[in-house]
Amino acid sequence: MTSALATAGSATGHRRIPSVERLLARPEAAPLAEMHGRTALVEALRAVLDGIRSGADPAAPEEATILVAAGRRLAAERQPSLRPVFNLTGTVLHTNLGRALLPRQAVAAVAAVMAGACNLEFDLASGARGERDSHVEALLCRLTGAEAALVVNNNAAAVFLLLNALAMRKEVVVSRGELVEIGGSFRVPDVMARAGCRLREVGTTNRTHLRDFADAIGPRTGLVMKVHPSNYEIRGFTAQPGEAELHALCRERGVPLALDLGSGSLVDLARHGLPPEPTVRTALAAADLVTFSGDKLLGAVQCGVIAGRADLVARIRKSPLKRALRVDKMTYAALEATLRLYLHPERLAADLPTLRLLTRPQGDIAAQAERLAPEVARRLAGRAQVGTAPCSSQIGSGALPVESLPSAALVLSAPDGSTGRKAGGWSRRLAAALRALPVPVIGRIADGAVLLDLRTLEDEPGFLASLDALAF
Ligand SMILES: *Cc1c(COP(=O)(O)O)cnc(C)c1O
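Only a predicted model underlies this, so the values are computations on that prediction, with no experimental measurement involved. (Residues numbered from 1 in each chain as written. Predicted model: local features only at pLDDT ≥ 70, side-chain atom pairs only at ≥ 80, totals over all residues. Heavy atoms only, no water.)

## Considering the UniProt feature "modified residue: N6-(pyridoxal phosphate)lysine" (unreviewed entry) in the protein
Definition in use: UniProt positions are given in the numbering used here, feature names are shortened, and annotations may be inferred rather than shown by experiment. Secondary structure elements are defined from DSSP: runs of H or I of at least 4 residues count as helices, runs of E of at least 2 residues count as strands, and each element is numbered from the N terminus. The cut-offs for exposure are 20% and 50% of the maximum accessible area for each residue type, with area from a 1.4 Å probe on protein chains only; residues under the lower value are buried, those over the upper are exposed, and the others partly exposed. The contact criterion used throughout is that any non-hydrogen atoms of two residues lie within 4.5 Å.
In the numbering used here, UniProt assigns the feature "modified residue: N6-(pyridoxal phosphate)lysine" (unreviewed entry) to Lys296. Turning to its location among the elements, lysine 296 is positioned in the loop between strand E8 (289–293) and strand E9 (304–308). Residue classification places lysine 296 among the buried positions, given a relative accessible area of 6%. Contacts of lysine 296, omitting those with residues within four sequence positions, involve Leu93, Arg99, Ala100, Gly262, Ser263, Thr354 and Ser397.

## Some words on empty space enclosed by the protein
Gaps left between atoms show up when a probe the size of a water molecule is rolled over them. Our working rule: Think of a 1 Å grid over just the protein atoms. A cavity is a set of points where a 1.4 Å probe fits yet cannot get out, a pocket is an open set with protein on both sides within 12 Å along at least five of seven lines, and lining residues have an atom within 4 Å of a point. Grid points are joined across faces, edges and corners, and a volume is the space filled by probe spheres set on the points. When residue character is reported, Ala, Val, Leu, Ile, Met, Phe, Trp, Tyr, Cys and Pro are called nonpolar, Asp, Glu, Lys and Arg charged, and the others, Gly included, polar.
Under the criterion given, the structure shown has two cavities of 30 Å³ or more. What the largest cavity holds in volume is close to 50 Å³. Lining the largest cavity we find Ser265, Leu266, Val267, Leu269, Leu297, Tyr342, Leu352, Thr354, Leu355 and Leu358. Looking at the lining of the largest cavity residue by residue, the class counts come to eight nonpolar, two polar and no charged.

## Some thoughts on helix H14 (residues 329–341)
This is how it is decided: To estimate how far a helix should reach, multiply one less than its number of residues by 1.5 Å.
When the terminal C-alpha atoms of H14 are compared, their 19 Å separation across 13 residues agrees well with the 18 Å that a helix rising 1.5 Å per residue should span. Of all the positions in H14, only Thr331, Tyr332, Ala333, Ala334, Leu335, Ala337, Thr338, Leu339 and Leu341 are classed as buried. For H14, the elements touching its buried residues are helix H5 (104–114), helix H6 (134–144), strand E3 (148–152), helix H13 (320–325) and helix H15 (345–351).

## Let's talk about the sheet that holds strand E13 (residues 444–446)
The condition is simple: Paired strands, in this sense, are two strands between which DSSP finds at least two bridges. As a rule, the C-alpha atoms of each element are fitted with a line to give its axis, helices using only the stretch in contact, and angles between N-to-C directions run from 0 to 180 degrees.
The five strands are arranged E2-E10-E11-E14-E13 in an open sheet whose pairing can be described as mixed. A single partner strand is all that each edge strand has here, and the edge strands are strand E2 (91–93) and E13. Ignoring which end each strand starts from, the neighbouring axes of this sheet average 40° apart. Where strand E10 (residues 385–396) meets strand E11 (residues 405–413), nine bridges bridge the pair, whose relative direction is antiparallel. Residue pairing in the sheet places cysteine 391 in a bridge with serine 407 of E11. Contacting E11, E13 and strand E14 (449–453), helix H18 (residues 420–435) crosses the sheet at an angle of about 40° to E14.

So, in structure tokens, the structure goes:
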């Protein structure tokens with residue numbers, strides 16, 4: 001227990017470092033012990049004292065200062081690791097910032113089933129065992145036209161499960177132009193190999209014809225797969241067979257056609273003034289099965305959906321991997337509540353945060369920027385110049401990568417008007433200070449300034465209150 005003992009000052013003139021007991025007896029210690037517990041306070045005090053002993057600082061700080069340092073340490077430790085941030089990056093569905101924001105109805109539904117028991121796999125009518133997908137299957141079918149649907153942990157899991165359940169040890173025919181990598185570690189050829197399928201590439205990178213598929217489909221074929229080019233676009237001299245023709249060919253040969261759609265939009269985005277994106281319903285008109293994410297354009301929680309022909313979904317559901325990839329009651333509660341919002345299409349753009357944010361008119365965002373600029377300038381007085389500028393937001397998560405949405409940003413630039421390398425360092429320091437706020441503010445750096453795209457800012461008082469704490 002050496003750290004609890006007072007240590008004599010060294011020859012270099014260290015003052016006496018107080019003991020932990022002595023510090024605990026001070027009046028400032030009581031509220032800290034009350035809030036964090038005595039054990040944690042003792043640990044924090046020891047850590048601070050160790051720092052003083054090993055540090056180069058010739059004078060030991062005042063006892064009160066040591067307690068303040070311990071208090072700061074305890075407060076920092078209390079911060080949860082996973083916590084809310086302001087996503088002002090301009091990417092609405094930002095994978096690193098948690099993708100879709102849950103509608104409040106979904107948050108309430110999750111809370112309602114979490115604290116007590118629920119009928120997750122229990123049929124209330126018969127009292128017999130139920131099926132967990134039953135809570136969302138009818139809704140998914142109604143909203144997409146599918147005959148059946150099941151839910152797993154994410155879309156990567158949906159693709160993996162589908163491939164494994166329908167085409168293990170068989171060939172999966174894919175166009176060369178669709179052997180893509182979708183962020184991080186999801187590469188179509190690798191997923192196929194892991195799922196136990198043999199990849200049968202057809203066509204060329206830019207052009208694949210119906211006859212390429214016709215020549216490749218044979219007795220070893222388990223599946224024909226199409227991948228929606230989420231995060232890239234091939235332009236110029238390109239060709240892909242028509243969806244209807246390919247579907248007809250697969251039907252004729254008795255081979256299922258699966259389409260990995262990625263972002264599963266359930267409504268026609270063009271009707272909301274957004275760039276068009278295929279809906280699950282239109283995709284299912286030319287495919288036997290479609291896979292899509294729950295937390296991209298659908299706007300719910302992380303999960304993956306396989307929807308389509310009932311016989312195929314039934315085969316997939318029987319796979320032991322379904323059990324390994326299944327989701328919990330929180331996910332079903334959030335997904336069901338979100339899907340219910342789609343039953344009221346007139347209110348969807350107001351109730352579904354993803355659609356609400358994507359459809360915000362630039363005029364509204366620009367007006368918000370003008371309104372907030374003086375407030376922010378007051379809080380950053382002398383530390384940054386605050387202006388406004390038009391900018392472009394993105395949908396994110398691979399949806400419509402080449403389309404952008406006109407938006408508006410707060411522009412925080414160096415107070416001395418500096419540019420170039422100097423401004424680069426300045427903007428990186430400001431961005432770091434914004435990330436260190438109680439509710440971190442995440443923007444983007446452009447031309448030596450920090451840009452805060454306001455498309456996704458709804459909680460203005462919270463944002464301004466967070467800025468009050470800026471240490472920069
Ligand atoms: C996003 C995406 C995936 C992966 O979906 P997750 O839900 O992130 O697992 C797979 N395929 C396509 C085409 C995608 O766009």
